[in-house]
Amino acid sequence: MSLVSTQPGYTAPAVTVAASVPKRGTGASVLLVPVVTGSGDVPRVLGGPFLDAEAVGEIEVALRALGAKAGPEQITRLHIPSLPVGSVLAVGLGAPRDEWPAETIRRASGVAARTLSGVASVITLLSELHLEAAVEGLILGAYQMHEFRSAKTAPKETGLSKIVALSTAPSAKRDAARAVSIASAVATTRDLVNTPPSHLHPVEFASRAKLLGAAAGLTVEVLDEKALAKKGYGGIVGVGKGSVNPPRLVRLTYKSGKKGAKKVALIGKGITFDTGGISIKPAAQMHHMTSDMAGAAAVIATMLLAAEHKLPIDVTATVPMAENMPSATAQRPGDVLTQYGGTTVEVLNTDAEGRLILADAIVRACEDEPDYLIETSTLTGAQVVALGARIPGVMGSDEFRDRVAAVSQQEGENGWPMPLPDELKDDLKSTVADLANISSQRFAGMLVAGVFLREFVAEGVQWVHIDIAGPSYNTTGPWGYTPKGGTGVPVRTMFAVLEDIAANG
């Protein structure tokens, strides 16, 4: 059974499930074989039912001859004449276990995929240990984006186009299809995040969201700058005032058709580029602000998954989009704007713009009376200071916050629950408006932003915000299945939370 993503914008490798190593048509394929640390630190092959004793023996002898190790994510390439493949890639997993965590297999598969740049076909035994994770890791590890390279620098080799996942599990085909779907959504998010701001301003972003949503069968509504001004979206309009590229608000709706279905609102920050506005950022590393729309990209991709998997809940995404630029028309520090819903905010720092567009979106989303509201954004640099570049901060209603953080950790995206102390609201007092958009204190910047957003959440709505300022964009070297650039965080978390709500209410 061949499984290929039908989502526009990204085409995943074709994935085939097999119960044995194909004997024909695999001469150029690479066979991925998991190895663990055996006695005396000698690698031991986990061949399962797919490799006979002779093949296992050949691989282990070759590994010993090379002095290879089987530590986590250690890679050794071999030629094994008895196997009908071009080469064998031994992938280290470390000490043996009775059960393998999904993230261990996902990362090992990702490292293998990155090692095999230019290889078109892979057969993997890692799928017997955890099929979904193995397929996800291979697709995400092999991810590349060359849209903006000329023929001078674009790779001449074709990338990974075929995966054969070996598995004896009865649910193997279903699990593989699910893995392709989720990995494709993550890759779609990466594509959007990695698209430069010259090619993804708010109008274009809204157009792409509409295209993706329509292809998935979602109902799509787009408000332009005139509609935003008329309806009173002061935060979105205010942030977008300095740019020649006008702001947008996109609404994507999925209806399950189930009577009495739980209602979930999703919100993602879509700042297509953030200079900081009049409160301009330092030039160094400003180019990383191409990722300031990562929350919006993740929410759009999550909506595609909700529709594709026909979840028995109703989900609506409210996605504000703007470009934060300095100009003669830009909002100034000290300006007061009126958010959607009537709250006035003194803008003390124009670089704290994400919370302004999110506040508008929160109030609009709460008009739909959702049971749950999930936001995500590159909200604060303080998230990176507090938790580093790989751990999202999760804030919100205590019970729902802990539930989302637990799901995030299970999915390998490692969200961590953070408090929202009531006393921080005092730091948001303004002398001229209902609220200020920043605190006068230098401490607890992520929590202050969360407290600001909480002011706009309707009473009774279980709410969470996932701050992905660091985890959404990898500015260092690749690791595991994560490339440099857009990561796709937190698509897997949000989709898993939707599934959890669908299953448990």
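Calculation criteria
Positions within a chain are numbered from 1, following the residues in the order the chain's sequence is written. Only residues with pLDDT of 70 or above have their local features reported here, since the model is predicted, and side-chain atom pairs are shown and tallied only from 80 upward, although totals for entire chains, interfaces and linings are computed over all residues. The basis for every side-chain value is the complete set of heavy atoms in the structure, and neither hydrogens nor water enter the calculation. Note on conventions: DSSP H or I runs of at least 4 residues are helices, E runs of at least 2 residues are strands, and numbering of each starts at the N terminus. Here the globule rule reads 2.2 Å times residues to the power 0.38, and the radius of gyration is calculated from C-alpha atoms. Only protein chains enter the calculation, and the probe is 1.4 Å; a residue is then buried if its accessible area is under 20% of its type maximum, exposed if over 50%, and partly exposed in between. Surface accessibility follows the Shrake-Rupley procedure with a 1.4 Å probe radius. Residue values consider only the protein chains on display as shielding. The positive count covers Lys and Arg only, the negative count covers Asp and Glu only, and His and the chain ends enter neither. For the purpose of locating charges, the reference atoms are NZ of Lys, CZ of Arg, CG of Asp and CD of Glu. A carboxyl oxygen of Asp or Glu within 4 Å of a side-chain nitrogen of Lys or Arg is what we treat as a salt bridge. Working rule for helices: expected span equals 1.5 Å times residues minus one. The arc in question is the one traced by the directions running from the helix axis out to the C-beta atoms. Note on ring pairs: Phe, Tyr and Trp rings are taken, using the six-membered ring of Trp, and paired if centres are within 6.5 Å. Classes follow the plane angle, with under 30 degrees stacked, over 60 edge-to-face and the rest tilted. Either the NZ atom of lysine or the CZ atom of arginine qualifies as a charge over a ring when it sits within 6 Å of the ring centre and within 35 degrees of the ring normal. Between N-to-C directions, angles span 0 to 180 degrees; the directions come from axes that are lines fitted to C-alpha atoms, helices contributing only their stretch in contact. In this scheme, a crossing is called left-handed if the near helix is turned counterclockwise away from the far one by less than a right angle; it is called right-handed if the turn is clockwise. Any two residues whose heavy atoms approach within 4.5 Å at even a single point are treated as in contact. The classification used treats Ala, Val, Leu, Ile, Met, Phe, Trp, Tyr, Cys and Pro as nonpolar, Asp, Glu, Lys and Arg as charged, and all other residues, Gly among them, as polar. Within this scheme a cavity is a closed region of a 1 Å grid, computed over the protein atoms alone, that accommodates a 1.4 Å probe without allowing it to escape, whereas a pocket is open but has protein on both sides within 12 Å along at least five of seven lines; lining residues each have an atom within 4 Å of a point. Grid points are joined across faces, edges and corners, and a volume is the space filled by probe spheres set on the points. Among buried residues, the Ala, Val, Leu, Ile, Met, Phe, Trp, Tyr and Cys ones that are joined through side-chain atoms within 4.5 Å form a nonpolar core. Residues adjacent in sequence count toward polar contacts only when both atoms are side-chain atoms; beyond that, a polar contact is any pair of N or O atoms within 3.5 Å, and within protein one must be able to donate a hydrogen and the other to accept it. Two strands qualify as a pair provided that DSSP identifies no fewer than 2 bridges between them.

Peer 1: So what's going on with the overall build of the chain? Which residues, and what values?
Peer 2: Per the secondary structure count, the chain includes 13 helices and 22 strands. In terms of overall size, the chain behaves like a compact globule, its C-alpha atoms giving a radius of gyration of 24 Å where 505 residues would be expected to give roughly 23 Å. By principal-axis analysis of the C-alpha atoms, the chain measures approximately 80 × 50 × 40 Å. Expressed as a percentage of the 505 residues in the chain, the buried residues total 57%. Element-wise, carbon and sulfur atoms account for 52% of the exposed surface of the chain, whose accessible area totals about 20,100 Å². Of the charged side chains in the chain, 46 are positive and 50 negative; the average position of the first set lies 5 Å away from that of the second.

Peer 1: Explain the pattern of salt bridges to me, using residue names and the numbers behind them.
Peer 2: Side chains that differ in sign of charge can pair as their charged atoms come close. Scanning all chains against the criterion turns up 23 salt bridges. A salt bridge links E225 to R248; its shortest N-O distance comes to 2.6 Å. Highlighted residues: E225 in helix α6 (residues 225–231) and R248 in strand β10 (residues 248–254), separated in sequence by 23 residues. For E367, the salt bridge identified is with R364, shortest N-O distance 3.5 Å. Its relative accessible area of 16% is what places R364 among the buried residues. One salt-bridge network, held together by shared partners, links R251, R364, E367 and D368.

Peer 1: Go over helix α5 (residues 202–215), please, and point to the residues and values.
Peer 2: Between its first and last C-alpha, α5 extends 20 Å over 14 residues, near the 20 Å set by a 1.5 Å rise per residue. All of the buried residues in α5 are P202, F205, A206, A209, L212 and G213. Buried residues of α5, viewed axially, fall in a sector of 130°; they line one side. Pointing more than 90 degrees away from the buried face of α5 are the exposed residues L211, A214 and A215. A positive backbone phi angle near 85° is found at G217, which sits one or two residues after α5.

Peer 1: Residues and numbers for the packing of aromatic side chains, please.
Peer 2: Evaluation of the coordinates by the stated rule reveals 3 aromatic pairs. Consider the rings of Y233 and Y340, whose centres lie 4.2 Å apart with planes at 10°: the pair is stacked. In this pair, Y233 sits in the loop between α6 and α7 (234–240) while Y340 sits in the loop between β14 (335–338) and β15 (344–347), placing the two residues 107 residues apart along the sequence. On the basis of relative accessible area, Y233 is assigned to the buried category, the value being 3%. Seen in terms of ring centroids, F452 and F456 are 5.3 Å apart; in terms of plane orientation they differ by 50°. Their pairing is tilted. F456 matches F452 in its accessibility class, with the two residues each being buried. Lying over the aromatic face of Y143, R190 brings its terminal NZ or CZ to 5.3 Å of the ring centre.

Peer 1: Would you mind going over the packing of helix α3 (residues 131–141) against helix α4 (residues 172–194) in detail, with residue names and values included?
Peer 2: Remark: α3 packs on α4, axes separated minimally by 8 Å, with the N-to-C direction vectors making an angle of 30°. Of the two possible hands of crossing, α3 and α4 adopt the one that is right-handed. From α3, L131, E132, V135, E136, I139 and L140 reach across to α4, where they touch A172, D175, A176, R178, A179, V180, I182, A183, V186, A187 and R190. Along the lines of polarity and charge, the residues of the contact of α3 with α4 split into 12 nonpolar, no polar and 5 charged.

Peer 1: Outline the layout of surface pockets, supporting the account with residue identities and numerical values.
Peer 2: Roughly 530 Å³ of internal volume is contained in the second largest pocket. Contributing to the lining of the second largest pocket are 28 residues, with Y143, Q144, M145, H146 and K484 lying nearest its centre. Grouping the constituent residues of the lining of the second largest pocket by class yields 16 nonpolar, 8 polar and 4 charged.

Peer 1: Any details on the nonpolar core? Residues and values, ideally.
Peer 2: L266, I374 and L498 are the most contacted members of the largest nonpolar core, which totals 92 residues. Per-element accounting of this core gives the leading share, 12 residues, to helix α8 (residues 294–308). Look past the residues within four positions of I374 in its chain and what remains in contact with it is V264, A265, L266, I267, F400, V464, I466, M494, V497 and L498.

Peer 1: Before we move on, can you summarise α3 with the specific residues and values?
Peer 2: Most of α3 is tucked away, with 11 of its 11 residues classed as buried. Within the span of α3, buried status applies to L131, E132, A133, A134, V135, E136, G137, L138, I139, L140 and G141.

Peer 1: Residues and numbers for the side chain of T290, please.
Peer 2: Tracing the sequence through the fold places T290 in the loop between β12 (270–274) and α8. According to the relative accessible area criterion, T290 is buried, its value standing at 9%. Setting aside residues no more than four positions away along its own chain, T290 makes contact with V193, T195, P196, P197, T272, F273 and Y473.

Peer 1: Give a detailed account of unusual backbone geometry, specifying residues and quantitative values.
Peer 2: A cis geometry characterises the amide bond from V489 onward to P490, with omega recorded as 5°. The topology assignment puts P490 in the loop between β22 (485–486) and α13 (491–504). If you check the backbone angles, E73 has positive phi at about 70° while not being a glycine. Along the chain, the position of E73 falls in the loop between α1 (53–66) and β5 (75–78). A relative accessible area of 26% means that E73 is categorised as partly exposed. With a phi close to 55°, E369 is a non-glycine residue in the positive phi region. With respect to the helices and strands, the residue E369 is situated in the loop between α9 (354–366) and β16 (372–377).

Peer 1: Residue-level account of the side chain of T189, with values.
Peer 2: Relative to the helices and strands, T189 resides in helix α4. For T189, a relative accessible area of 1% gives the class buried. Of the polar contacts made by the side chain of T189, one reaches the backbone oxygen of A185; its length is 3.0 Å. Sequence-distant contacts of T189, that is, excluding residues within four places in its chain, are made with A294, A297, A298, A301, G488 and V491.

Peer 1: Provide a residue-level description of the pairing of β12, including the pertinent values.
Peer 2: The element β12 is extensively covered by neighbouring structure, given that 5 of its 5 residues are classed as buried. Two strands pair when backbone bridges link them, and β12 and strand β13 (residues 314–324) are joined in this way by 4 bridges, in the parallel orientation. Bridged to F273 within β13 is E323.

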